[in-house]
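Architecture and fold: a report
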Amino acid sequence: TVVNPDGEELEGDVKWHCVTGEMGLDDPDNKYFSRVRIRADIPRGAYLVVSFRYNGKGTFVDSARFNGEGLGTSLYMVRPTRCDTMEVRLTGKGDVKIYSVTYNYERGTDV
């Protein structure tokens, strides 16, 4: 519980989430997403969960959870399942600051 200088109780840690649109690589070289990189500051007591929904079907599947260690800004990496398209959902609790979300991709084969 957070209390302001007047002694009033303020709202505690807030649960939140954000979702990307459906992303895909329409590429003749069979490229696919190999890694999602998130630069964030997760303070002690807070957390960040990364979830994916693949090919526009089904529900989001949790892939990783990062608990705040109070270390400052860090880089968190998650490997999605190989797919044609994906959506990313970030869910958290507390004062998490997300500075960037980037995607690495690799070239696949025809098989």
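Residues numbered from 1 in each chain as written. Predicted model: local features only at pLDDT ≥ 70, side-chain atom pairs only at ≥ 80, totals over all residues. Heavy atoms only, no water.

1. What about the overall build of the protein chain?
- Scanning the protein chain for helices and strands turns up 0 helices and 10 strands.
- Its helices and strands taken in sequence order, the protein chain reads β-β-β-β-β-β-β-β-β-β from the N to the C terminus.
- Within the span of the protein chain, comprising 111 residues, buried residues form 32% of the whole.
- Here the analysis covers contacts within the protein chain between residues at least 6 apart in sequence; of these, 76% occur between residues at least 24 apart. (Helix = DSSP H or I, 4+ residues; strand = E, 2+ residues; numbered from the N terminus. Buried < 20%, exposed > 50% of the residue type's maximum accessible area, 1.4 Å probe, protein only. Contact = heavy atoms within 4.5 Å.)

2. Remarks on the pairing of strand β9 (residues 85-93)
- Where strand β3 (residues 15-19) meets β9, 5 bridges bridge the pair, whose relative direction is antiparallel. Within β9, the residue paired with H17 across the bridge is T91.
- The pairing of strand β4 (residues 23-24) with β9 spans 2 bridges and is classified as antiparallel. Across the sheet, G24 pairs through a bridge with T85, a residue of β9. (Pairing = 2+ DSSP bridges.)

3. Here we look at the packing of aromatic side chains
- Evaluated as defined, the whole model comprises 3 aromatic pairs.
- Here F33 and Y103 contribute two aromatic rings whose centre-to-centre distance is 5.7 Å and whose plane-to-plane angle is 65°, an arrangement assigned as edge-to-face. Remark: Y103 occurs in strand β10 (residues 97-107) and F33 occurs in strand β5 (residues 31-41); sequence separation between them is 70 residues.
- Judged by centre distance (4.6 Å) and plane angle (45°), the ring pair of F66 and Y76 falls under tilted. Residue F66 is located in strand β7 (residues 61-67), and its partner Y76 is located in strand β8 (residues 73-78); the two are separated by 10 residues in the primary sequence. In terms of burial, F66 and Y76 fall into one category: buried. (Phe/Tyr/Trp six-rings, centres within 6.5 Å; stacked < 30°, edge-to-face > 60°.)

4. Considering the side chain of D41
- Within the fold, D41 resides in strand β5.
- For the buried D41, no salt bridge exists, and the shortest N-O distance to an oppositely charged side chain is 5.0 Å, to K97.
- Look past the residues within four positions of D41 in its chain and what remains in contact with it is G72, T73, D95, V96, K97 and Y99. (Lys, Arg positive; Asp, Glu negative; His and termini not counted. Salt bridge = Lys/Arg side-chain N within 4 Å of Asp/Glu carboxyl O.)

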